[in-house]
Amino acid sequence: MAATLDKLLKEGCSQHYDEETNRQILVVNLFSLVGISLTLSLGIVALVGKNYPLAFSLLTASFLFIVSRKIQSIFSNSVGRLLAMYLLTGCLMALMSFLVVTGGRANTGPLWIYIVPPVAMFFGGFRRGLGVMAGFTLLIVILLFFPDDYLLLTHYSYEFKTRLIYSFLTVTFLSAFYEYSRQKTYETAKELSRQFKQQALHDPLTHLPNRRGIQQQIEQELSRMTRHGRPISIVIVDVDHFKNINDTYGHDNGDVVLTKISEIFRKWIRRQDSVGRWGGEEFIFVLPETPETNGKLLADKVRSALEGTFINIQGNDIQVTASFGVCEINKEITLDRALRQADKALYQAKKEGRNCVVAANACDD
Ligand SMILES: Nc1nc2c(ncn2[C@@H]2O[C@H](COP(=O)(O)OP(=O)(O)OP(=O)(O)O)[C@@H](O)[C@H]2O)c(=O)[nH]1
């Protein structure tokens, strides 16, 4: 029983949707289930009591609740969800107006209108919910206070009508306030989670993707490569004699140099390429759809840009160079192997005197 109820409530929810979307689906399911049970049972009671207009309205509402549930499960997208929500809210408001006009059973019909504010806020969120509530309140006020009870099929005392509207406005205000706070808390939590994610995947000094961040980007490029088959090149870069810079100008200025280098790299790689901080004074480029020969050409362009840019530290223009190891990832060469080979090529570039680019296929075995 509990498992069936859980299944009915979560129908249409998915781990691919964000929390807010799943919440909306759940609320539509919950509301339509409660709506179906209530309107169906009250409709049958009205039918047995030969109150045919009430029975007809309740059973029609019950049918529309079923339809909205079906719409949501058939069109499992945002349009389907929105349609289901509009249908549920519209149907609920029509039913409530009917109960106000006729009085329902023993004039207790208006007591049900308090359901509308929380439902409108749940479905529409703060802004849209407030708009819906303004329209609905206006409609109820017109129905209740039209001169000579012209729009009513029953009679309510003036005191009853005014208290009904006051208490209804209070519930509306509280529901709107609750929804506003809930929405704000959700947005703050979302923003915090975005910031944590950003921090976890980025290097705080250079703001480049860190090792984990760039590994994620490589994974994405790898799945793209599996589809179209074009190779990726990776380039591992190590700043030359960086220890000297630290020793001469201090660690803080060393950090400034690393930041400037990352800016130069970002400027000189192509729009489709990525650069990350691989660790310490090492960087990595990921060059999608690039064979090793082209990767080597690009690395050489960046190398010469770095060599030609003087970095000002404590009034001194210093020249910084780096060594580059390039390797291609393709169907035969896996990522791990490519990383090892790029490292080997980098080592060779250091051996060859630094400030140069070596491709893995030109490496000594
Ligand atoms: N300022 C600063 N220095 C760092 C950072 N990470 C690593 N280093 C320094 O980078 C230096 C790397 O030195 P080595 O590995 O000896 O290499 P190198 O001096 O660059 O010489 P080659 O690589 O052989 O050209 C070390 O002194 C590290 O302390 C950092 O985040 N900031």
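Predicted, not measured: the structure shown is a model, and the values here were computed from it.

### Description of helix α9 (residues 251-268)
With 18 residues, α9 extends 26 Å from end C-alpha to end C-alpha; this agrees with the ideal 26 Å at 1.5 Å per step. Restricting attention to buried positions, one finds in α9 the residues N253, G254, V257, L258, I261, S262, I264 and F265.

### Overview of the UniProt feature "transmembrane region" (unreviewed entry) in the chain
Residues annotated by UniProt as "transmembrane region" (unreviewed entry) correspond here to residues 25-48, 54-71, 83-103, 109-126, 133-152 and 164-180. As annotated, residues 54-71 has a helix share of 100% and a strand share of 0%, and its two end C-alpha atoms lie 26 Å apart. The span residues 164-180 is 100% helix and 0% strand, and its two end C-alpha atoms sit 24 Å from each other.

### Quick word on the site of the ligand
Near the ligand you find 16 residues, and of these H241, F242, D255, R277 and R354 are the closest. Take D238: an N or O atom from its side chain is 3.0 Å from an oxygen atom of the ligand. Between the ligand and R354 there is a distance of 2.8 Å, counted from an oxygen atom to a side-chain nitrogen or oxygen. Bound to the protein, the ligand loses 67% of the 670 Å² it would expose on its own. With four residues, α9 is the single largest residue contributor to the shell around the ligand. Looking at the shell around the ligand residue by residue, the class counts come to three nonpolar, five polar and eight charged.

### A closer look at the pairing of strand β1 (residues 232-239)
Counting buried residues along β1, eight of its eight residues qualify, which places the element largely inside the surrounding structure. The alternating pattern of β1 places I232, I234, I236 and D238 and S233, V235, V237 and V239 on opposite faces, both of which are buried.

### A few points about unusual backbone geometry
Look at K50: it is not a glycine, yet its phi comes out positive at around 60 degrees. Residues other than glycine seldom take positive phi values, yet Q314 does so here, at roughly 50 degrees. Topologically, Q314 is positioned in the loop between β4 (310-313) and β5 (316-319).

### Here we look at the side chain of D240
Within the element layout of this structure, D240 appears in the loop between β1 and α8 (242-249). Classification of D240 by relative accessible area gives buried; the value is 5%. Here T321 takes part through its side chain, which lies 2.8 Å from a polar atom of the side chain of D240. At 3.3 Å, the side chain of D240 and the backbone nitrogen of A322 are in polar contact.

### Remarks on the environment of Y158
Relative to the assigned elements, Y158 resides in helix α6 (residues 158-201). Residues Y158 and L144, spaced 14 residues apart in sequence, show a C-alpha to C-alpha distance of 9.1 Å.

### Comments concerning the sheet that holds strand β6 (residues 322-329)
Pairing in this open sheet of five strands is mixed, and the strands run β2-β3-β1-β6-β7 from one edge to the other. Strands with a single pairing partner mark the edges of an open sheet, and in this sheet they are β2 (274-279) and β7 (357-359). On average, each strand axis in the sheet is inclined to that of its neighbour by 20 degrees, with strand direction left out of account. Strand direction decides the pairing type here: β1 and β6, joined by eight bridges, are antiparallel. Paired with V235 across the bridge in β6 is V326. Contacts between helix α7 (residues 211-228) and the sheet are confined to β1, β2, β3 (282-287) and β6, with β2 contributing the most and set at about 135 degrees to the helix. Helix α11 (residues 335-351) rests against β1, β2, β3, β6 and β7 of the sheet, and its axis sits at about 150 degrees to β6.

What counts, and at which threshold
Residues numbered from 1 in each chain as written. Predicted model: local features only at pLDDT ≥ 70, side-chain atom pairs only at ≥ 80, totals over all residues. Heavy atoms only, no water. Helix = DSSP H or I, 4+ residues; strand = E, 2+ residues; numbered from the N terminus. Expected span 1.5 Å × (residues − 1). Buried < 20%, exposed > 50% of the residue type's maximum accessible area, 1.4 Å probe, protein only. UniProt positions renumbered as here; feature names shortened; annotations may be inferred. Near = heavy atom within 4 Å. Polar contact = N/O pair within 3.5 Å; in protein donor to acceptor, adjacent residues only side chain to side chain. Areas by Shrake-Rupley, 256 points an atom, 1.4 Å probe, with all protein chains shown as cover. Nonpolar A, V, L, I, M, F, W, Y, C, P; charged D, E, K, R; others polar. Pairing = 2+ DSSP bridges. Axes fitted to C-alpha atoms, helices over the stretch in contact; angles between N-to-C directions. Contact = heavy atoms within 4.5 Å.

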